[in-house]
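# Structural description and commentary
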Amino acid sequence: MVDRLATLTTYRRLATASMRARAQYRLTFGLDFAAQLVAGVSEFLAILVIFHHLPRLGGWSLPEVAFLYGLAGISFALTDALIGQLDTLGQMIRMGTFDVFLVRPLSGLLQVATSDMQLKRLTKAVQAGAVLTFAIANLHIAWSAGKLVMFAAAIGSGAAIFSGVWIAGSAIGFWTTDIQEVVNSFTYGGNYLTSYPINIFGVWTRRFLAFVVPMAFVAYYPSLFILGKPDAVIGLPALAFVTPLIAVLTLSVGLGVWRAGVRHYRSTGS
Amino acid sequence: MRAYWETAVRGYRRYATYRGATFAGAFTNTIFGIMRGSVLLALLAARPHIGSYNSSDTLTYVWLTQGLIMVTYLWGWNELALRVVSGDVAVDLSRPIDFQGYWLAGDLGRALFHAIFRGIPPVLVGTLLFPLHIPLDPRRWLAFVASVVLATVLSFSLRFIVNLTAFWLLDYRGILNVATATWTFLAGLLIPLNFLPDGPRGVLEALPFAGILQIPVDVFLGKHQGLDLLGALAFQALWAAALLLTGRLILAAAVRKLVVQGG
Amino acid sequence: MIEVSDLRKTFTVYRRAGRLRRERRQVTAVDGVSFSVEPGEMVGYIGPNGAGKSTTIKMLTGILVPSSGWLLVAGLTPARRRTELAKRIGVVFGNRTQLWWDLPLRDSFELLRHIYRVPGADHRRRIAELRGLLDLDPFLDTPVRQLSLGQRMRGELTAALLHAPDVLFLDEPTVGLDIVSKARVRDFLAQLNRERGVTTLLTTHDLSDIERLCPRMVIIDRGRVLYDGGTAEIAARFGAERTLVVDLAETRPPLHLARGLVVRTDGPRQWIRFRSEEMTAAALIAAISEQAQLVDLSIEEPDIEEVVRRVYTGEAVLA
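The notes below deal with the structure included here. What you see is a predicted model; the values in this text were computed from it and never measured. (Residues numbered from 1 in each chain as written. Chains lettered and ligands numbered in written order. Predicted model: local features only at pLDDT ≥ 70, side-chain atom pairs only at ≥ 80, totals over all residues. Heavy atoms only, no water.)

### Side note on the overall build of chain A
Looking only at helices and strands, chain A has 12 helices and 0 strands in total. A compact globule built from 270 residues should have a C-alpha radius of gyration of about 18 Å, and chain A, at 19 Å, falls within 12% of that. Taken over the C-alpha atoms alone, chain A extends approximately 55 × 40 × 40 Å along its principal axes. In chain A, the share of contacts with a sequence separation of at least 24, taken over all contacts with a separation of at least 6, comes to 76%. Summing over all exposed atoms, chain A offers an accessible surface of approximately 10,700 Å²; the carbon and sulfur share of this is 69%. Side-chain charges in chain A split into 19 positive and 11 negative, and the spacing between the mean points of these groups amounts to 6 Å. (Helix = DSSP H or I, 4+ residues; strand = E, 2+ residues; numbered from the N terminus. Rg over C-alpha atoms; globule rule 2.2 N^0.38 Å. Contact = heavy atoms within 4.5 Å. Areas by Shrake-Rupley, 256 points an atom, 1.4 Å probe, with all protein chains shown as cover. Lys, Arg positive; Asp, Glu negative; His and termini not counted. Charge placed at Lys NZ, Arg CZ, Asp CG, Glu CD.)

### What to know about the overall build of chain C
Secondary structure assignment for chain C yields 10 helices and 13 strands. When its C-alpha atoms are laid out on the principal axes, chain C stretches across 70 × 55 × 45 Å. Residues counted as buried form 51% of the 319 residues belonging to chain C. For chain C, the share of sequence-separated contacts (at least 6 apart) that also reach a separation of at least 24 residues comes to 68%. Put simply, chain C shows about 14,900 Å² of open surface, and 47% of that area lies on carbon and sulfur atoms. (Buried < 20%, exposed > 50% of the residue type's maximum accessible area, 1.4 Å probe, protein only.)

### A word on the interface of chain B and chain A
Counting residues at the interface gives 36 residues for chain B and 35 residues for chain A. Summed over both sides, the interface between chain B and chain A buries roughly 2,900 Å², with carbon and sulfur atoms accounting for 73% of that surface. Per-residue buried area on chain B facing chain A is highest for B:Met35, B:Val39 and B:Asp171; these three make up 18% of the total on that side. Where chain B meets chain A, there are 0 salt bridges. The interface formed by chain B and chain A includes 7 residue pairs in polar contact (both at pLDDT 80 or more). Residue assignment for the side of chain B that touches chain A shows that the elements contributing at least two residues are α2 (19-46) and α8 (173-186) of chain B. No other element matches α2(B), which puts 17 residues into the side of chain B that touches chain A. (Buried area = accessible area lost by both parts, 1.4 Å probe. Salt bridge = Lys/Arg side-chain N within 4 Å of Asp/Glu carboxyl O. Polar contact = N/O pair within 3.5 Å; in protein donor to acceptor, adjacent residues only side chain to side chain.)

### Structural notes on the sheet that holds strand β12 (residues 269-275) of chain C
All names here are of chain C. An order of β11-β12-β10-β13 is seen for the 4 strands of this open sheet, with the pairing classed as antiparallel. The sheet is open, and its two edges are formed by β11 (260-266) and β13 (294-300), each paired on a single side. For this sheet, the mean inter-axis angle between neighbouring strands, taken without regard to orientation, is 25°. Here 6 bridges tie strand β10 (residues 241-248) to β13, and the two strands are oriented antiparallel to one another. Across the sheet, Leu248 pairs through a bridge with Leu294, a residue of β13. (Pairing = 2+ DSSP bridges. Axes fitted to C-alpha atoms, helices over the stretch in contact; angles between N-to-C directions.)

### Concerning the side chain of B:Asn194
All names here are of chain B. Within the secondary structure layout, Asn194 lies in the loop between α8 and α9 (198-206). Taking the relative accessible area as the measure of exposure, Asn194 reaches 9% and is therefore buried. Only 3.3 Å separates the side chain of Asn194 from the side chain of Ser52, close enough to count as a polar contact.

### Re the packing of helix α6 (residues 99-129) of chain B against helix α7 (residues 138-164) of chain B
How two helices pack is summed up by the angle between their axes together with the distance between the axes. Residue and element names in this part refer to chain B. Viewed as axis vectors pointing N to C, α6 and α7 meet at an angle of 130°, and their least axial separation amounts to 10 Å. When the interaxial angle is binned, α6 and α7 end up oblique. As for how α6 packs across α7, the hand of that crossing is right-handed. Along its contact with α6, which presents Phe99, Gln100, Trp103, Leu104, Asp107, Leu108, Arg110 and Ala111, the element α7 presents Thr152, Val153, Phe156, Arg159 and Phe160. Residue composition of the contact of α6 with α7, grouped by class: 8 nonpolar, 2 polar and 3 charged. (Parallel < 35°, antiparallel > 145°, perpendicular 65-115°, else oblique. Left-handed = near helix turned anticlockwise from the far one by under 90°. Nonpolar A, V, L, I, M, F, W, Y, C, P; charged D, E, K, R; others polar.)

### Re the nonpolar core
Core analysis: the biggest nonpolar cluster contains 183 residues, and A:Phe67, A:Phe98, A:Trp258, C:Val73 and C:Phe169 have the highest contact counts within it. The biggest single contributor to this core is helix α8 (residues 145-175) of chain A, with 12 residues. Sequence-distant contacts of A:Phe98, defined by excluding residues within four places in its chain, comprise A:Leu89, A:Met92, A:Ile93, A:Gly108, A:Val112, A:Phe174, A:Trp258 and A:Tyr265. C:Leu130, C:Met153, C:Leu161 and C:Leu189 belong to the second largest nonpolar core, which has 54 residues in total. (Core = buried A, V, L, I, M, F, W, Y, C linked by side-chain atoms within 4.5 Å.)

### Some thoughts on the environment of C:Pro173
Residue and element names in this part refer to chain C. Along the chain, Pro173 falls in the loop between β6 (167-171) and α6 (179-196). Its relative accessible area of 1% is what places Pro173 among the buried residues. Counting along the chain gives 37 residues from Pro173 to Leu136, while the straight-line C-alpha distance between them is 17 Å. With residues near it in sequence (within four places) discarded, Pro173 still touches Gly94, Met153, Leu202 and Thr203.

### Points about the pattern of salt bridges
By the definition in use, this model includes 38 salt bridges over all chains. A salt bridge links A:Glu64 to A:Arg56; the shortest N-O distance between them is 3.6 Å.

### Observations concerning the side chain of B:His224
Residues and elements named next belong to chain B. Note on placement: His224 falls in the loop between α10 (214-220) and α11 (227-261). Side-chain polar atoms of His224 contact the side chain of Asp228, separated by 3.1 Å. Setting aside anything within four residues of it in sequence, one finds His224 in contact with Asp218, Val219, Leu229 and Ala232.

### Some thoughts on the sheet that holds strand β3 (residues 42-46) of chain C
Residue and element names in this part refer to chain C. What the 6 strands build is an open sheet, ordered β5-β6-β7-β3-β8-β9; its pairing is mixed. Looking at strand neighbours, the two that pair on one side only are β5 (89-93) and β9 (224-230), the edges of this open sheet. On average, each strand axis in the sheet is inclined to that of its neighbour by 15°, with strand direction left out of account. Helix α1 (residues 53-60) rests against β3, β6, β7 (199-204) and β8 (216-221) of the sheet, and its axis sits at about 150° to β7. The strands touched by α6 within the sheet are β3, β6 and β7, with β6 carrying the most contacts at an inclination of about 160°.

### Structural notes on helix α4 (residues 120-134) of chain C
All names here are of chain C. Compared with the 21 Å implied by 1.5 Å per residue over 15 residues, the 21 Å span of α4 between its first and last C-alpha is a close match. Looking at the buried residues of α4, the elements they touch are α3 (105-115), α5 (149-161) and α6. Asp135 occupies a position one or two residues after α4 and carries a positive phi of about 55°. (Expected span 1.5 Å × (residues − 1).)

Right under this line is the structure:
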C-alpha cells in the first residue's frame with residue numbers, strides 16, 4: 001500500500017514537472033487559457049443560437065440542454081486534463097520517447113499521460129461549471145439524496161467512460177501511428193455529441209451511443225434521472241443506475257486495448 | 001513565374017506524402033459532418049427556414065464547411081513560425097523570390113491537395129447521407145471555385161500575419177491558439193452566421209473572417225447573384241489584399257529587426 | 001550478468017508494391033546470437049549499420065520481445081520482468097534523451113530519484129561524486145534544451161547511474177561528439193568500470209571507442225556474431241592502421257613508400273594505408289613530399305565496415 005502511494009506521488013511529481021516546464025513559456029501559458037475559453041464559449045454560443053430559433057430541442061429546454069452540456073463538459077475536461085496527452089502517442093513512438101518510458105520502472109500509459117499535463121485543459125471544466133450553474137439556477141430540480149449521488153457518480157463515471165474511449169483510441173497508435181487522428185472523432189466528437197440530448201439523433205446513432213461507444217451514459221441518462229425526464233431512447237429511465245457499471249466496463253476495455261497495444265509494440269518494434 | 005509554380009507543386013507534394021494522416025483527417029471531417037448535421041436536423045425539423053437558408057441549404061452548409069476546413073487550413077498552421085524559430089527562415093528570405101509570394105504559392109499548392117483529398121470526400125459522403133443542395137449550373141461552380149481560391153488567400157493572409165509574430169516572440173504558440181479559436185467561431189464554422197440574431201450578424205459579416213467559409217458556401221448555394229455575386233467576391237478580394245499588404249508591412253519590420261539584431 | 005542464447009528477432013516488413021497492394025517480407029534482424037557477459041566486464045558490441053545492434057539492446061532492456069531464444073539480464077527475463085529489470089539497469093541512448101527538455105538538468109536528476117526510489121542520502125552522495133567526475137557544476141541549472149551535445153551526454157550518463165544499476169547499456173553514446181567530449185566520456189566510462197565494477201555493454205560503430213575501453217568485443221553483422229574475443233587481436237590487426245588520403249598536384253602512378261601501401265588511386269588522389277606504430281603520419285607525409293607535391297590531405301580511421309569486410313575475407317582471427 002505504501003508502495004502504491006509512493007508510485008502515485010511519483011506520477012504527481014512528473015505531472016507537476018511538466019506543468020513547470022510549460023509555465024516557463026509564460027505568454028503561451030496565459031494565452032492558452034484564453035484560447036480554451038474562447039473555444040468553450042463558442043461551443044455554448046452555438047447552442048444558444050439554436051435556442052434563439054426554437055424553444056425546445058427534442059423536447060429539451062435551454063436550461064435542460066445547458067445542464068447536459070455542463071455535466072458532459074466537466075467530465076470531458078477532467079479526462080482531457082488527466083490523459084489528453086495520449087493524443088501524442090504516435091509522435092512519441094516515432095521519436096523513440098516511448099522506448100525511454102519502457103526502460104523505466106513505471107507504467108507506460110501513466111508516463112505518457114503525465115509527460116505534459118496542461119492546466120489549460122481545465123478551463124473547459126470551469127466554463128462548463130459556469131453553464132451548469134446557470135442551468136441549475138434556472139431549473140427547478142427536486143433534489144434528493146439519490147439525485148445528488150447520481151450527480152457525483154455521473155461526473156466520475158463520465159470521466160471514466162471518456163477515459164476508456166480515449167485510451168482505447170490512442171492505443172491504435174501502437175498498430176499504426178498514421179491514422180491516430182481518427183481517435184479525435186471519438187474523443188472530441190464524443191464531447192460534442194454528449195452535449196446534446198441523444199434522442200435528437202437518428203435511431204442508429206442512438207443505439208451506437210448507448211451500446212457500442214456508451215457516450216449516452218456520460219450525461220444523458222444521469223440527466224434524465226436528475227431532471228425527471230422520460231427516456232425516449234430505450235424507455236428505461238432507471239438505466240441511469242447502470243452508469244457506474246458502464247463506466248467500469250468501458251475503462252476496463254480501454255485498458256485492455258492499451259495492454260494489447262503495448263504487447264504488439266513490444267513484439268514488432270517501431 | 002515558374003518559381004512560384006514550382007513552389008506550389010512542392011507544396012502539393014509535401015502534403016501528398018502524408019497518406020495515412022490525410023485519410024484519418026478526412027474520416028474525422030466526415031464524422032463531424034455527420035454529427036453537426038444530425039444536431040441541426042433536429043433544429044430544422046421544427047424550423048426548416050432560418051434566415052435565407054432552407055433545410056437542405058443548412059445541411060449543405062455543414063458539409064461544405066467541413067470540407068473547407070483543411071482547404072483554408074483553419075487550425076494551427078505554423079510552418080512559417082517554425083522556420084522563424086529555428087532560424088531557417090533566413091534561407092527563405094535570401095531567395096530571389098518574393099517571400100510572401102513564395103509562401104502563398106506553397107499554400108495554394110497545399111490547398112489544391114486538401115481540396116481533392118479532404119474537401120471532396122466528406123462532401124461526397126454528405127450527399128449520400130443527407131439531402132444536400134448541389135447546384136448543376138456550371139457558372140455557379142466556377143464562381144464557387146473562384147470564391148474558394150479567394151477564401152484560401154484570405155485565410156493565408158491571416159495565418160501569415162499570426163506566424164510573423166514569431167519574429168518578435170519565439171513563444172508564438174499561445175497567440176496562434178487564441179487566433180485560431182477566435183476565427184473558428186467568427187468564420188461561421190460552429191454555426192452559420194446566417195443563424196445569428198441581426199445585431200451580431202451584421203458585425204460578423206463585415207469582418208474578413210466571413211470571407212473564409214460563409215461566402216464560399218453562400219456562393220455555392222446561389223445566395224449571391226449577379227452584381228451581388230461580384231460584391232461578395234470583391235469583399236473577399238479586398239480583405240485579402242488589405243491583409244496581404246498588412247502582412248508585407250509587418251514582414252518588412254521583421255526583416256529590419258533581423259538585420260539589426262542578427263539571427 | 002548477461003546471458004544470451006540463440007537469440008532471434010524477426011520483423012515483418014511491409015512495402016508498398018504498386019498503388020494499392022502491399023507486400024510482406026520477413027526481415028531477420030537478429031539471427032541466433034549467443035554470448036555471455038560476466039559481472040564487472042566491459043564489452044564492446046559493434047557492427048555496421050543495420051547489423052542488429054540496436055535490436056539486441058532493445059531485447060536486453062525489455063523494450064522488445066524476442067522471436068525466439070533465451071536471455072537473462074541480472075537474472076531476470078527482460079521481456080517478462082520489465083519493471084523489475086528497469087531498476088537494475090541503466091541505459092543511455094545516443095539519439096534520444098532521457099532528460100526533461102525544458103527543465104534544468106538538476107530537476108531531471110531529482111525526478112529520476114523519485115522514479116527509481118533512491119534514498120535521499122544515497123542520491124546526494126552519488127550526485128556529488130558524478131558532479132565531480134563529469135564536471136557538471138557549470139551547467140547543472142541550465143535547461144537541457146540549451147546544453148551542448150557533450151554536456152547533455154554527461155547529463156545522460158549521470159541520469160543512467162543515479163540508481164546504481166548493476167548493468168549499464170550504452171547505445172551509441174559518443175555519436176556526434178567532438179574529440180574532446182569523446183575523450184572525456186571514454187575516460188569516465190573506463191574509470192567507472194575500473195573502480196565500481198559496473199557491467200557495461202557498449203554499442204557503437206566507432207571502432208576507436210572500443211579500442212580504448214573494452215578488453216573484449218563482439219562483432220555482429222547481419223544479425224550474427226562474427227567475432228567474440230579480445231579487442232587486442234583485432235586492434236593489432238586493424239587498430240593501428242590508418243589510411244592517409246593525399247591529393248597530389250597531378251595524376252601520377254602509385255607512390256613507392258617503404259612503410260605505406262597505396263591501396264587505391266583516383267586521378268591525383270591516392271589512398272595510402274600505413275601502420276602508425278611503424279611510421280607516424282608526419283613522417284609518411286614527409287616521405288611523400290620528397291616524391292611529389294602535396295596539395296591536400298586527410299586521415300581516415302579504420303571503420304567497422306572495413307573490419308567486417310576483412311574479417312569475412314579471412315584476414316582476421318575469428319572466435
